[in-house]
Amino acid sequence: MGSGFALSGLQLQPNHLLFSSRNFTTLLPASFTNSRHLPLLKLQNQPSLISSCVQVNSTVSQGTALSDICSTETYELADINWDDLGFGLVPTDYMYVTKCSKNGKFSKGDLQRFGNIELSPSSGVLNYGQGLFEGLKAYRKQDGSILLFRPEENALRMRTGAERMCMPAPTVEQFVEAVKMTVLANKRWVPPPGKGSLYIRPLLMGSGAVLGLAPAPEYTFLIYVSPVGNYFKEGLAPINLVVENEFHRATPGGTGGIKTIGNYASVLKAQSAAKAKGYSDVLYLDSVHKKYLEEVSSCNVFVVKGTTISTPAIKGTILPGITRKSIIDVACNLGFQVEERLVSVDELLDADEVFCTGTAVVVSPVGSITYLGERVSYGKTGVGAVSQQLFSSLTSLQMGLAEDKLGWTVELS
Ligand SMILES: Cc1ncc(COP(=O)(O)O)c(C=O)c1O
């Protein structure tokens, strides 16, 4: 039988992959793991279908039982340059999709091949912006298992946003199960430890057709994923922000406190102008007094003075970041005094250190702030000590390098 070997009547070949589940087994050349070639497996109601993908290599000896292979299995990673990841879309294998009609209950979803979706030109999301998104990450541990970070918090935030946008939302349990299912189906795209993470992007949208302004008659909940590296090209190197005086991200009574899609289209103009001038992003002020800090386009902001760390309080115009909430707890546990309150632009300019937090940016130190044409720089030696300490504490938890005493991580295997 050459260099292959038989297993339950199946001829295994070196450098082939065995896809198996309780009721399905097939062999694929390793080259088929390239996303363009991976065949569309029928996954409906069979979430465990690709639960066992093992690389069969020439070191596996003849007569090896399936259980032996599984116990020594090496998961094949996607064939990409893991050192080259930025924060751009890398198409993966599967996405999760479920829909719900007016009764407000989402049906049990399916994994589908990642790809374009069909929408009515008259859908609520395209015409009236009835849409929300979420963002969370999965990290691969040294032992190959995968960790999610506080996924139930994203589920709860999506439910809050859905209520504001007159949309039904998946339950917390449904959301978390769907995230797990999507990550496991795309596990070969979770970067090796230290190379990045798998960014998970749940979407909730009014997919039903409407013409007059009204909530859509049908909703789609979809999750896709992409491996990512650093959000800012600077990595952990400090970013340069400019305080925006003309445009505002949110107003009292508006939707700044939820993750609705329109909040992001509306910051593009100021962000593009800032980037064209060499800044990394824009820091927004409150729209009433134009004096107090709100947040950056897609992350929260913290100001350090001595052993006190202050961040703008959540009052409807600022997104309640899950990283923000986690950093507050981590900083308190490390002995810092943390204050959630109004933080003025004067305090910002007088700070010892400034940093931003978010799922995508993690903890990103700020090197300089430009306000009304004046530039203030922080620290002479790059990353500030407090930012570095908080970054290390949080990422060790997220990556499973430190004991998770708070029960924030969810392990997938
Ligand atoms: C406007 C805005 N603020 C803050 C954050 C940070 O939130 P989180 O830490 O939950 O990612 C995000 C990112 O999602 C955001 O879009």
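Calculation rules
- Residues numbered from 1 in each chain as written.
- Predicted model: local features only at pLDDT ≥ 70, side-chain atom pairs only at ≥ 80, totals over all residues.
- Near = placed C-beta within 6 Å.
- Helix = DSSP H or I, 4+ residues; strand = E, 2+ residues; numbered from the N terminus.
- Nonpolar A, V, L, I, M, F, W, Y, C, P; charged D, E, K, R; others polar.
- Buried ≥ 20, exposed ≤ 12 C-beta atoms within 10 Å, placed from the backbone.
- Contact = placed C-beta atoms within 7 Å.
- UniProt positions renumbered as here; feature names shortened; annotations may be inferred.

## What about the site of the ligand?
Here comes step 1: Taken together, 13 residues surround the ligand, and among them Gly321, Ile322, Thr323, Gly358 and Thr359 come closest.
Here comes step 2: Within the residue set of the shell around the ligand, elements represented by two or more residues are helix 7 (322-333) and strand 19 (353-358).
Here comes step 3: With three residues, helix 7 is the largest single contributor of residues to the shell around the ligand.
Here comes step 4: For the shell around the ligand, the class distribution of residues is three nonpolar, eight polar and two charged.

## Here we look at the environment of methionine 95
Here comes step 1: Within the secondary structure, methionine 95 sits in strand 6 (residues 94-100).
Here comes step 2: Judged by the 23 C-beta atoms lying within 10 Å of it, methionine 95 falls in the buried class.
Here comes step 3: Through-space distance from the C-alpha of methionine 95 to that of phenylalanine 114 is 5.0 Å; in sequence the pair is 19 residues apart.
Here comes step 4: The contact partners of methionine 95, leaving out residues within four places of it in the chain, are Gln112, Phe114, Thr182, Leu222, Ile223 and Tyr224.

## Section: the UniProt feature "modified residue: N6-(pyridoxal phosphate)lysine" (unreviewed entry) in the protein
Here comes step 1: Mapped onto this structure's residue numbering, the UniProt feature "modified residue: N6-(pyridoxal phosphate)lysine" (unreviewed entry) falls at Lys259.
Here comes step 2: For lysine 259, the location among the structural elements is in the loop between strand 13 (239-244) and helix 5 (262-265).
Here comes step 3: What makes lysine 259 buried here is the crowd of 24 C-beta atoms within 10 Å.
Here comes step 4: Here lysine 259 is in contact with Leu132, Phe133, Glu134, Arg157, Gly161 and Leu319, once residues within four sequence places are set aside.

## Quick word on unusual backbone geometry
Here comes step 1: Backbone geometry at valine 362 places phi at a positive 60 degrees, although glycine is not the residue there.
Here comes step 2: Secondary-structure assignment places valine 362 in strand 20 (residues 362-371).
Here comes step 3: Given 24 C-beta atoms within a 10 Å radius, valine 362 is considered buried.
Here comes step 4: Unlike most non-glycine residues, leucine 372 shows phi in positive territory, near 50 degrees.
Here comes step 5: With respect to the helices and strands, the residue leucine 372 is situated in the loop between strand 20 and strand 21 (374-377).
Here comes step 6: With 8 C-beta atoms packed within 10 Å, leucine 372 lands in the exposed category.

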